[in-house]
There are 6 protein chains.
Amino acid sequence: MEILVVNPNTTAGMTAKIAAAAAAVAAPGTRVTAVNPETGPASIEGWVDGALAVPALLREIARGEARGVAGHVIACFDDTGLDAARSLAAVPVVGIGEAAFHVASLLAGRFAVVTTLGRSIPVIEANLQRYGLASRCARVRAAEIPVLELERPGSEAEARISAEIAAALEGDRAEAIVLGCAGMADLATRLSARHGVPVVDGVAAAVTLVEALARLGLRTAKTGGYASPRPKPYAGGMTGFGTR
Amino acid sequence: MEILVVNPNTTAGMTAKIAAAAAAVAAPGTRVTAVNPETGPASIEGWVDGALAVPALLREIARGEARGVAGHVIACFDDTGLDAARSLAAVPVVGIGEAAFHVASLLAGRFAVVTTLGRSIPVIEANLQRYGLASRCARVRAAEIPVLELERPGSEAEARISAEIAAALEGDRAEAIVLGCAGMADLATRLSARHGVPVVDGVAAAVTLVEALARLGLRTAKTGGYASPRPKPYAGGMTGFGTR
Amino acid sequence: MEILVVNPNTTAGMTAKIAAAAAAVAAPGTRVTAVNPETGPASIEGWVDGALAVPALLREIARGEARGVAGHVIACFDDTGLDAARSLAAVPVVGIGEAAFHVASLLAGRFAVVTTLGRSIPVIEANLQRYGLASRCARVRAAEIPVLELERPGSEAEARISAEIAAALEGDRAEAIVLGCAGMADLATRLSARHGVPVVDGVAAAVTLVEALARLGLRTAKTGGYASPRPKPYAGGMTGFGTR
Amino acid sequence: MEILVVNPNTTAGMTAKIAAAAAAVAAPGTRVTAVNPETGPASIEGWVDGALAVPALLREIARGEARGVAGHVIACFDDTGLDAARSLAAVPVVGIGEAAFHVASLLAGRFAVVTTLGRSIPVIEANLQRYGLASRCARVRAAEIPVLELERPGSEAEARISAEIAAALEGDRAEAIVLGCAGMADLATRLSARHGVPVVDGVAAAVTLVEALARLGLRTAKTGGYASPRPKPYAGGMTGFGTR
Amino acid sequence: MEILVVNPNTTAGMTAKIAAAAAAVAAPGTRVTAVNPETGPASIEGWVDGALAVPALLREIARGEARGVAGHVIACFDDTGLDAARSLAAVPVVGIGEAAFHVASLLAGRFAVVTTLGRSIPVIEANLQRYGLASRCARVRAAEIPVLELERPGSEAEARISAEIAAALEGDRAEAIVLGCAGMADLATRLSARHGVPVVDGVAAAVTLVEALARLGLRTAKTGGYASPRPKPYAGGMTGFGTR
Amino acid sequence: MEILVVNPNTTAGMTAKIAAAAAAVAAPGTRVTAVNPETGPASIEGWVDGALAVPALLREIARGEARGVAGHVIACFDDTGLDAARSLAAVPVVGIGEAAFHVASLLAGRFAVVTTLGRSIPVIEANLQRYGLASRCARVRAAEIPVLELERPGSEAEARISAEIAAALEGDRAEAIVLGCAGMADLATRLSARHGVPVVDGVAAAVTLVEALARLGLRTAKTGGYASPRPKPYAGGMTGFGTR
């Protein structure tokens, strides 16, 4: 089966890191295709970047859908465009944020999230509330590292993230940690070993969840909020996705 | 003061109706400018239409901001792009959905929403939960009328909406009604008279709330989730809004 | 239009300060009448003072209603007697506490309240929960200043309030501040400038919200909990408000 | 020990019924004193009646406190003035509404309330939310019987209440019933036998809970919201309760 | 009347302490029988000990039920097996955890719990959420004392518990304290005197609540989740409790 | 990898059906071992059966743990003993109830559960609240079929379940269905085809989730509520699981 992993930002190096994390956990018969749009922000930090990245993300989802992938992963921890992507897709779509929350909930009573910048905390908190899992999350912490700093060799990113993990275990009574950015995918194993608790990377989590859904033969619900878009005129040269 | 009212869909007739509803309640010194983007869906029905409408909506907000409007109204009941718009704006931004919920909460202990299509219910419910006002809403009902049907003379739209209002008063113990689409702005007064309860139109509500915020001299918070976007590269010819 | 602002305590100096704050934001056509009862506590600090102030407050509301005011403001941050006042009134009634919470919710994802004494925290928290906006409030803090100390020239009140604001911004991740006492109405602008975040005074907020509701032509719901009181005998020389 | 039971309305016949219900469950060593104020509404139906009844209720609580009663019961199902009464009292104060909710929670996973008029539903729902027990209550139903109709021989009150109980068991998955008015105190046993589920009367429940608290030697907390009122001037001939 | 108090662990010394605490508050006509199973863990610390203690606990409940006791108390603060015990019993069953939460809720707006080990915090939090009273609990704290250390003369248990109480009053805005282990039953009076707030012991609280329920003539609901077990085969020599 | 699936009741025919459902979705390299205890109830219907099944269930988990399985599934929809099992296990443990809830949450905004008997509804509702996913569940419905009736050829079970699904889609606005009993594992595909919505069987869901967790290399958190049991004496010939 093919799983399409869409990094909704346009930083190819980050897409490569995501691809590696996805491939590392994929089952033998799974082929992971990781892409990023050609248009849009180099990183997603807050509401505006996220909103601007969605249309190009949806084009990628629609392309994958058209060629029959078994499922999609949205590889931004904010789960950017998840509801719209699910409305477009017949097969399962999983965001790396929600994937990490669900996985952590199966391992621990209470987890904490460590993300990049403070401005992303409200986005993540809104998702947790929406998914219903806010009561499982002790706290969302920010290491105050810009996303692309995670890509820079020699940055203090890992040290700062590790310090926030220590604070979450000590101060928030967290029993597991969720890493709050696709760019942290390479850190999970090392940080888990250092701190002695489960550390969940959303990219890997989402790939295994999509595999699970595909194996179960389950598809996205189409009778409510995720119904396929209605056909309708689009002005200004834009094309919609309405089924005709 | 000038208030910019952005209808995020591209149906000019609906923009005109919105402009009329806004002008009807604006205070003497207020000038309402109602616009819609040139690009995007003819109506917003569900997650995909909403997501695709946001980038052009943000351009309108940025234009208004640049010329110094006193505040912005997003005239789609889904409050499409509200968080992103607030991140772009220094002055207040109010969505017509949230405006109607806040206004209804000041008049009644418990209100119901009557919207267009069932697929919009989850969008509205997510907003109510996010704003904190879900506990004030007895139920979100859909009259199962496509948005543009509200623009068609001779449609059964008003009759169906009226029937849902009656059901909400009888069955949901609602004490006030919120009309769940910008295209219903012309119906509020008549439906209130017929049913003997407050009926709130979000367009009018939002205009008066923006006026209130402007008169209070208050501006959007800029130290948390609504911080201005960070400057960063955008690929593919897209331009972001990062302050430089 | 005339808006009646009732300070439910009997300290005339505080009524004067409230009148000034109200007048400062009222629209050109609005006449603000600020009154306080002749009977009752000099300040409202906790449940008992509040309960004892309500009957005289309701007499003021009934008087305003009788002479046809366009709306009422209850100028105690505890929103003392709000539900009962709404049951008496055909026109809108807004408490300064709820007004501030709603206004702050339109500007920021998350606000904190700074009030006078710790004993008022449970009153305010109960209101927030009741209104549905508890999830928007990071924390209610008390500066431990008696209400009337706010009226005393040379008091440390402002300094202590400012310190609590700093603590809320630093420790509670608040993005906006709500001042939790009518007696703080004169401090909002200065504290906002000092701390660089929106600081909301409830008196001003409530006046603009009542103006908004009046302009919308909306009135208090009368079919549920805010139905007019039923006519009935009152013993001991007391008079009720039942419509006959 | 003496327990003071205050009926906050001024209908002596109802006080007598309450006294009988209280005496019927009191332990051998307990003396129940049931009183009602001389001033105030003949019945409490909605927010206004409740608010007007509180000052006289508090005088009764203060009198009982002064002569050293072991505890107080507020015998209106709305728990009118409960927070203020608790602030006045060193010994325990229990409202009949909260008493019934707590007792029902010890017997069943899920209960329903059957009260008098629909206008009281929001009052009761607000209490349930405040106490934390809203999640235990399947629904608050109104039999649409005025309070004093419960005192009229030959009324249809019992039949209507019984019909609402049947509806709650059938439609709300309720496992126990709470009678939502002090005036229903004489009906609990008969209705329990008829419907085969626990039916809780708040008057009896509150008396036994106050006995329990007294036997435990526990008193009302005095360090937070229930701190004794601060001494302060009262205008217009009113006297406060501030400790001097 | 006879009340059966079951200590679900097998430490006889703790059962004796529980018996003393129960007897100290029982009303004149009440006979308290305190027992512990002959089989099972010496103390209950976490989910596994609790789960293993339940079958023997249920045998004790069934025995008490068979000989006609007026009610049962489960004397482990985790309320181990409470739902199952209630399903077995016609008469009331009260856990000491829930008893303490309900009693504290009648005395204070907000309480804190001080328990033994951190691993019990999630058990207690789950109960609070289930009962609906989580919103009344400021925080569950652990003194990090093993249960049986409470039985050892000369241990530092009381000092550590007292320190946690001080921290709860200072840092959590708690107005009352609940002691989170049956083995702390002898400390409540002393700690209440030292800290000047109500301190609730669950054993005493539960005995008085069962007395109250018995005096009210109320029994456990039998039409929903607490229906008597259905008769059915049990394999491996085990006997169920199904009514035949 | 080996996954241990424990059916906590003692009906071997049901274990065989569970084994088949598990094997049908297991990945190529996965070996599923399905067992049931030799001791305990033939079916789990309500709190008592569940409580009595747990000790033998835990012995099976401990055996699997000792021989190094990659993960455990608890194949009762009530997730009987899940917290205790997780405390015993180093590797992941997933209950079929929680598995189905998480999977449904990835496919639909809102799901309904159809279970066997009404007495199980409170058990399932308690789990949903505990997991945080209650807000995602529209309603838990019971088809009023005893568990073992699902095993009887010619029973009306499937027809009744199908009728409840229809009611959930029509009346509860459910977008997906969760089958609320391990004994329904063979019905999911057929019912999904008939009703045109995702229908989730917990057995299959749990197997794929355990596979996912194992592939991710994640293990159960051991620093909080799921810490390994403390070593301690057990009386009456019982053996605990404390690590020595």
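All residue numbers refer to position in the chain's written sequence, counted from 1. Chain letters and ligand numbers both follow the written order, the letters beginning at A and the numbers at 1. Given that the model is predicted, a residue must reach a pLDDT of at least 70 before its local features are reported, and side-chain atom pairs must reach 80 or more before they are shown or counted; all residues, however, enter totals for whole chains, interfaces and linings. Computation of side-chain values covers all heavy atoms of the structure but excludes hydrogens and water.

To be explicit about the condition: UniProt positions are given in the numbering used here, feature names are shortened, and annotations may be inferred rather than shown by experiment.
As annotated in an unreviewed UniProt entry, chain A is Hydantoin racemase from Inquilinus limosus. UniProt, in its Sequence similarities (unreviewed entry) section for chain A, records the words "Belongs to the HyuE racemase family."

Structural notes on the pairing of strand β8 (residues 176-180) of chain F
Residue and element names in this part refer to chain F. Heads up, the condition is: Exposure is judged per residue with a 1.4 Å probe applied to protein chains only, and the accessible area is read against the type maximum: over 50% gives exposed, under 20% gives buried, and values in between give partly exposed. Helix and strand labels come from DSSP, where a helix needs a run of H or I of at least four residues and a strand needs a run of E of at least two; each type is numbered from the N terminus. Any two strands between which DSSP finds at least two bridges are classified as paired. Here, the term right-handed applies to a crossover whose path from the first strand over the helix to the second runs clockwise when the strands point away from the viewer.
Judged by how many residues are buried, β8 sits mostly within the fold: 5 of 5 residues are covered. Side chains A176, V178 and G180 of β8 all project onto a buried face; the interleaved residues I177 and L179 project onto the opposite face, where all are buried too. In terms of strand pairing, strand β6 (residues 111-115) meets β8 through 5 bridges, oriented parallel. Residue pairing in the sheet places F111 in a bridge with A176 of β8. Pairing analysis gives 3 bridges linking β8 to strand β9 (residues 199-201), with the strands arranged parallel. Among the inter-strand pairings, L179 is bridged to a residue of β9, identified as D201. In this region the chain leaves β8, passes through helix α7 (residues 188-195) and returns to the parallel neighbour β9; the handedness of that crossover is right-handed.

Things to note about the packing of helix α4 (residues 96-107) of chain C against helix α8 (residues 202-215) of chain C
How two helices sit against one another is set out by the angle between their axes and by the gap between those axes. All names here are of chain C. The cut-off we apply is this: Orientation is described by lines fitted to C-alpha atoms, with helices fitted over the stretch in contact, and by angles between N-to-C directions that extend from 0 to 180 degrees. Angles are sorted into four bins: roughly parallel if under 35 degrees, roughly antiparallel if over 145, roughly perpendicular if 65 to 115, and oblique for all others. Between two residues, a contact is recorded if the distance between any of their heavy atoms is within 4.5 Å.
Taken N-terminus to C-terminus, the directions of α4 and α8 make an angle of 85°; their axes are 8 Å apart at the nearest point. For the element pair α4 / α8, the angle class is roughly perpendicular. For the pair α4 and α8, contact is made by I96, A99, A100 and V103 and by G202, V203, A205, A206 and L209, respectively.

Description of the packing of aromatic side chains
Residues and elements named next belong to chain A. Quick reminder of the rule: Here a Phe, Tyr or Trp ring, Trp counted by its six-membered ring, pairs with any other such ring whose centre lies within 6.5 Å, and the pair is stacked when the planes are under 30 degrees apart, edge-to-face when over 60, and tilted otherwise.
Throughout the structure, instances matching the rule amount to 18 aromatic pairs over all chains. Judged by centre distance (5.9 Å) and plane angle (10°), the ring pair of F101 and F111 falls under stacked. With F101 in helix α4 (residues 96-105) and F111 in strand β6 (residues 111-115), this pair connects stretches of sequence that are 10 residues apart. One exposure class covers both F101 and F111, and it is buried. One aromatic cluster is present, built from ring pairs that chain together F77, F101, F111 and Y131.

With respect to the relation of the copies chain D and chain C
The condition that has to hold: Superposition of the copies used a least-squares fit over C-alpha atoms from residues whose pLDDT is at least 70 in both.
By a simple turn and slide, chain D fits onto chain C: the slide is 0.0 Å along the axis, the RMSD is 0.0 Å, and the turn is 180°. The relationship between the two copies is best expressed as a two-fold rotation axis. When the interface residues of chain D are mapped onto chain C, 100% of them are again interface residues, pointing to one common binding face.

Focus: the interface of chain D and chain C
Quite often, the size of an interface is put as the accessible area lost when its parts meet. Quick reminder of the rule: Here's the idea: put two parts together, see how much 1.4 Å probe accessible area each one loses, and the total over both is what we call buried area. What counts as a salt bridge is simple: a side-chain nitrogen of Lys or Arg found within 4 Å of a carboxyl oxygen of Asp or Glu. Whenever two N or O atoms come within 3.5 Å, that pair is a polar contact, provided that in protein one can donate a hydrogen and the other can accept it, and provided that, for residues adjacent in sequence, both atoms are side-chain atoms. Gly counts as polar in this scheme, as do all residues outside two lists: the nonpolar Ala, Val, Leu, Ile, Met, Phe, Trp, Tyr, Cys and Pro, and the charged Asp, Glu, Lys and Arg.
Each side of the interface is counted separately: chain D has 45 residues, and chain C has 45 residues. Taken as a group, W47, L52 and R119 of chain D account for 19% of the area that chain D buries against chain C, more than any other trio of residues on that side. Our count for the contact surface shared by chain D and chain C stands at 6 salt bridges. Inspection of the region where chain D meets chain C yields 19 residue pairs in polar contact (both at pLDDT 80 or more). When contributions to the side of chain D that touches chain C are tallied by element, the ones reaching two or more residues are β3 (40-41), α2 (47-66), α3 (82-88), α5 (121-131) and β10 (234-235) of chain D. Among the elements that line the side of chain D that touches chain C, the one with the most residues is α2 of chain D, at 9 residues. Taken together, the residues of the side of chain D that touches chain C sort by class into 24 nonpolar, 12 polar and 9 charged.

Looking at the packing of helix α1 (residues 12-25) of chain D against helix α8 (residues 202-215) of chain D
Residues and elements named next belong to chain D. As a reminder, the rule being used: The hand of a helix crossing depends on one turn: near helix anticlockwise from the far one by less than a right angle means left-handed, and clockwise means right-handed.
Packing of α1 against α8 brings their axes to within 8 Å, and their N-to-C directions diverge by 45°. For the element pair α1 / α8, the angle class is oblique. Note on packing geometry: the crossing formed by α1 with α8 is right-handed. Where α1 approaches α8, its residues I18, A21, A22 and V25 are matched on the opposing element by V203, A204, V207, T208 and E211.

Re the relation of the copies chain A and chain B
Of the two same-sequence chains, chain A is brought onto chain B (RMSD 0.0 Å, axial shift 0.0 Å) by a rotation of 180°. An overlap of 100% is found between the interface residues of chain A and their copies at the interface of chain B, pointing to a shared contact surface.

Some details on unusual backbone geometry
A positive phi angle is found at R173 of chain A, which is not glycine, with a value near 60°. Among the secondary structure elements, R173 of chain A is positioned in the loop between α6 (157-171) and β8 (176-180). Take R173 of chain A: its relative accessible area is 27%, and that puts it in the partly exposed class. With phi around 55°, D79 of chain D is a residue other than glycine that occupies positive phi space. Judged by relative accessible area, D79 of chain D falls into the buried class, the value being 5%.

Examining the domain arrangement of chain A
Residue and element names in this part refer to chain A. What counts, and what does not: Residue ranges for the domains trace back to a domain assignment, done automatically or taken from a database.
By domain assignment, chain A separates into domain 1 (2-95 + 204-241) and domain 2 (97-202). Counting residues at the interface gives 28 residues for domain 1, matched by 33 residues for domain 2. If you sort the residues of domain 1 by the area they bury against domain 2, K17, E45 and F77 come out on top, with a joint share of 35%. Inspection of the domain 1/domain 2 interface yields 4 salt bridges. In this structure, E151 and K17 form a salt bridge, with 3.0 Å as the shortest nitrogen-oxygen distance. Linking domain 1 with domain 2 are 16 residue pairs in polar contact (both at pLDDT 80 or more), by the criterion used here. Of all elements in the fold, only α1 (12-25), α3 (82-88), β5 (93-95) and α8 (202-215) reach the threshold of two or more residues within the side of domain 1 that touches domain 2.

Some points on the sheet that holds strand β1 (residues 2-6) of chain D
Residues and elements named next belong to chain D. Across the sheet, 4 strands lie side by side as β2-β1-β4-β5; this open sheet has parallel pairing. Only two strands of the sheet have a single neighbouring strand rather than two, namely β2 (31-35) and β5 (93-95). Taking each pair of neighbouring strands and ignoring which way they run, the sheet shows an average axis angle of 20°. The sheet contact formed by β1 and strand β4 (residues 71-74) spans 4 bridges and is parallel. Its bridge partner being in β4, I3 is matched across the sheet by G71. Against the sheet, helix α4 (residues 96-107) contacts β4 and β5, and its axis sits at roughly 80° relative to β5. The strands touched by α8 within the sheet are β1, β4 and β5, with β4 carrying the most contacts at an inclination of about 160°.

Let's talk about the sheet that holds strand β7 (residues 137-142) of chain F
All names here are of chain F. Taking strand neighbours across the sheet as the criterion, the 4 strands line up as β7-β6-β8-β9 in an open arrangement whose pairing is parallel. Bordering the open sheet on either side are β7 and β9, each of which pairs with just one other strand. The sheet shows a mean angle of 25° between the axes of neighbouring strands, direction not considered. Taken strand by strand, helix α6 (residues 157-171) contacts β6, β7 and β8, and its axis lies near 145° from that of β8.

Some details on the pairing of strand β1 (residues 2-6) of chain F
All names here are of chain F. Burial within β1 is extensive, with 5 of its 5 residues counted as buried. Of the two faces of β1, both are covered, the one formed by E2, L4 and V6 as well as the one formed by I3 and V5. Looking at chain direction, β1 and strand β2 (residues 31-35) are connected through 5 bridges and run parallel. Counted as the bridge partner of L4 is T33 from β2. Handedness of the crossover joining β1 and β2 through helix α1 (residues 12-25) is recorded here as right-handed.

Quick word on the confidence of the model for chain A
Quick reminder of the rule: Within a predicted model, pLDDT stands for the predictor's per-residue confidence, ranging from 0 to 100.
A residue-level look at chain A finds 99% of positions with pLDDT of 70 or above and a mean pLDDT of 96. Under the prediction, the complex receives an ipTM of 0.97, its pTM being 0.98.

Focus on the interface of chain A and chain B
With 45 residues of chain A at the interface, the matching set in chain B holds 45 residues. Here chain A packs against chain B, burying approximately 3600 Å² in sum over the two surfaces, 62% of which is carbon and sulfur. If you sort the residues of chain A by the area they bury against chain B, W47, L52 and R119 of chain A come out on top, with a joint share of 19%. Put simply, chain A and chain B have 6 salt bridges between them. For E45 of chain A, the salt bridge is made with R230 of chain B, and the minimal N-O distance between the two is 2.9 Å. Where the side of chain A that touches chain B is concerned, the elements lending two or more residues are β3 (40-41), α2 (47-66), α3, α5 (121-131) and β10 (234-235) of chain A. Along the lines of polarity and charge, the residues of the side of chain A that touches chain B split into 24 nonpolar, 12 polar and 9 charged. One ladder, built from 2 bridges, connects β3 of chain A with strand β10 (residues 234-235) of chain B; its direction is antiparallel.

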